[in-house]
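Coordinate analysis (summary)
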Amino acid sequence: MRILCPCCGERDAREFTYCGDASRVMPALDAEADAWAAYVWGRKNPRGPHEEYWQHAHGCRHWLRVTRNTETHEILSVLLEGPWRARHEAKDPR
Amino acid sequence: MAKYSIFSLVLNSLTRHRHWRPAWRKAEPRPEYDVVVVGGGGHGLATAYYLAKEHGITDVAVLEKGWIGSGNVGRNTTLVRSNYMLDQTVPFYESSLKRWEGLSHELNYNVMFSSRGVLNLAHAPSQLDVFTRRANSMMLNGVDAEMLDTDGVTRLVPNLDTSPGARFPVVGGLLQRRGGTARHDAVAWGYARAADRQGVDIVENCEIEGFLREGDRITGVVTRRGEIRARKVAVAVAGSTSQVMALAGIEKLPIESHVLQAFVSEGLKPALDTVVTFGAGHLYISQSDKGGLVFGGDLDGYNSYAQRGNLPVVEDVVSAAVAMFPCFSRVRLLRHWGGLMDMSMDGQPIITKGPLDGLYLNCGWCYEGFKATPASGWTFAWTIARDEPHALNAPFRLDRFRNGYALDEKGRGPYPGHH
């Protein structure tokens, strides 16, 4: 499996650390316990496209938001996570 | 279907084995049952068997989407042990191990259970301390445990590199002599045959496509082969749990499906007569009665439904095997395959009534599925028949996560891939 890092190019999956489901949204700090329980423990666990975090640990160390098909391991999209995404897409070299 | 015995063997030998009957009927699904068990793996079959045998509920169908033995029950590395630590987990797995010890006689089918011992290697004094704590916890729960020093490990497993110059020097180990291996296919076939003999219908090639419901109550299933009504529907589908439960409208569960690979080498003469596990990296290895080395290691590490693994883990596991057993370095790998693990948030299963009326759920088995087959079936059958958990599976309820009673033996937190 290879992941196309927006920063470093196509690299072997061994350079990346899997960091789990990226579709979960953290509830407000004062949210009810049930909302927190759903966030911490609940997973959709889809068969098919899955949005997930990978960190390019042995590369640029960017966190990536990857959409990958869990049935075929096909990588459907890779985006930088955080403020760097907008700069990267604007081709701003800062 | 006749009982297997020395007489049936002799009789069939004399008639050139032409008169053996299939071990179970190819049942056609009927439109209605007392209990429908979704999933014809080890746990589903064991559940059906114990429902019939222990609770007298024989109007049961087991629906399997493929064929019996096609899923994890035929894909695991066949290890059986009860070397756990928590007061909730040890009694459960120990009850399973006790059932393994008499299973061949109970099922009238040779599951080839072999108490060859399971050895966990320690590679640092601190790890040995952790194992000693685990051994104490096991013994307090009435389970056998033995601590070995390096010499003890060398005597037990002479082929293991225990020299001070080893890549991972061995400082000792935790041995459970009653642990061992069993023939995984025979477990599936044995439970299928025993359930069938009690009157259970085993329906293969019958994937479910939805649930029948009246309000919030589940009243049956829709299958490829038509609708089947049931008073109770029990789901035991391992890696497919999230998909099947989504059909019932349950969107989120404390489960992720991951792929775990297993390997078998070419056949060798007897070289390893115990099960050795190397937890500091990750490897567990044993030798099957046929002679192949059967081993495995880590999950591939990401959510997957592929039922096949990727190469980095092949390299990782094989290099660990060769580092531990340099004498196996020229052995050729025969096959490797992947199975879908329903990894739960604390590394322990869920055996529960609910989450909807008329529905019963058995999932989240992580690495524990095969060894737990008898206890899982037995406690799940109890829960289905009596509508309440047995003391053994009461801690394994679904709401334990929400309520702060997770059974996280290693304290690793809600990261399914890390258990």
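My aim in this report is to walk through the structure given alongside it, one point at a time. Keep in mind that this is a model prediction, so the values were computed, not measured. (Residues numbered from 1 in each chain as written. Chains lettered and ligands numbered in written order. Predicted model: local features only at pLDDT ≥ 70, side-chain atom pairs only at ≥ 80, totals over all residues. Heavy atoms only, no water.)

On to the overall build of chain A, then. Within chain A one finds two helices and six strands. Along the chain direction, N to C, the helices and strands of chain A fall in the order β-β-β-α-β-β-β-α. Taken along its principal axes, the extent of the C-alpha atoms in chain A is 40 × 35 × 20 Å. When burial is assessed residue by residue, chain A has 37% of its 94 residues classed as buried. When contacts within chain A are restricted to residue pairs at least 6 apart in sequence, long-range pairs at least 24 apart make up 41% of them. Considering chain A, the positive charge centre built from 14 side chains and the negative charge centre built from 14 side chains are found 5 Å apart. (Helix = DSSP H or I, 4+ residues; strand = E, 2+ residues; numbered from the N terminus. Buried < 20%, exposed > 50% of the residue type's maximum accessible area, 1.4 Å probe, protein only. Contact = heavy atoms within 4.5 Å. Lys, Arg positive; Asp, Glu negative; His and termini not counted. Charge placed at Lys NZ, Arg CZ, Asp CG, Glu CD.)

Looking at soluble globular proteins, one finds that nonpolar side chains tend to be buried together. Core analysis: the biggest nonpolar cluster contains 61 residues, and B:Phe92, B:Trp100 and B:Tyr191 have the highest contact counts within it. Breaking this core down by element, the ones donating at least two residues are strand 1 (32–38), helix 2 (42–55), strand 2 (60–63), helix 3 (89–107), helix 4 (125–140), helix 6 (184–197) and helix 9 (373–386) of chain B. Listed in part, the 32 residues of the second largest apolar core include A:Trp41, B:Val233, B:Leu253 and B:Cys363. (Core = buried A, V, L, I, M, F, W, Y, C linked by side-chain atoms within 4.5 Å.)

What follows is about the sheet that holds strand 6 (residues 75–80) of chain A. All names here are of chain A. Strand order in the open sheet made by the four strands is 3-4-5-6, with antiparallel pairing throughout. Bordering the open sheet on either side are strand 3 (17–21) and strand 6, each of which pairs with just one other strand. For this sheet, the mean inter-axis angle between neighbouring strands, taken without regard to orientation, is 30°. Here five bridges tie strand 5 (residues 63–69) to strand 6, and the two strands are oriented antiparallel to one another. By the bridge assignment for strand 6, Thr-67 is matched with Ser-77. (Pairing = 2+ DSSP bridges. Axes fitted to C-alpha atoms, helices over the stretch in contact; angles between N-to-C directions.)

All right, on to the pattern of salt bridges then. Overall, the coordinates contain 37 salt bridges over all chains when judged by the stated rule. As a salt-bridge pair, A:Arg2 and A:Glu10 come within 3.7 Å of each other at their nearest N and O atoms. The exposure class assigned to A:Arg2 is exposed, which follows from its relative accessible area of 56%. For B:Asp201, the salt bridge identified is with B:Arg25, shortest N-O distance 3.1 Å. Linking B:Asp201 in strand 8 (residues 201–203) with B:Arg25 in the loop between helix 1 (6–14) and strand 1, this pair joins segments that are 176 residues apart in sequence. Classification of B:Asp201 as buried rests on a relative accessible area of 5%. Members of the salt-bridge network, linked through shared partners, are B:Arg25, B:Arg30, B:Asp59, B:Asp196 and B:Asp201. (Salt bridge = Lys/Arg side-chain N within 4 Å of Asp/Glu carboxyl O.)

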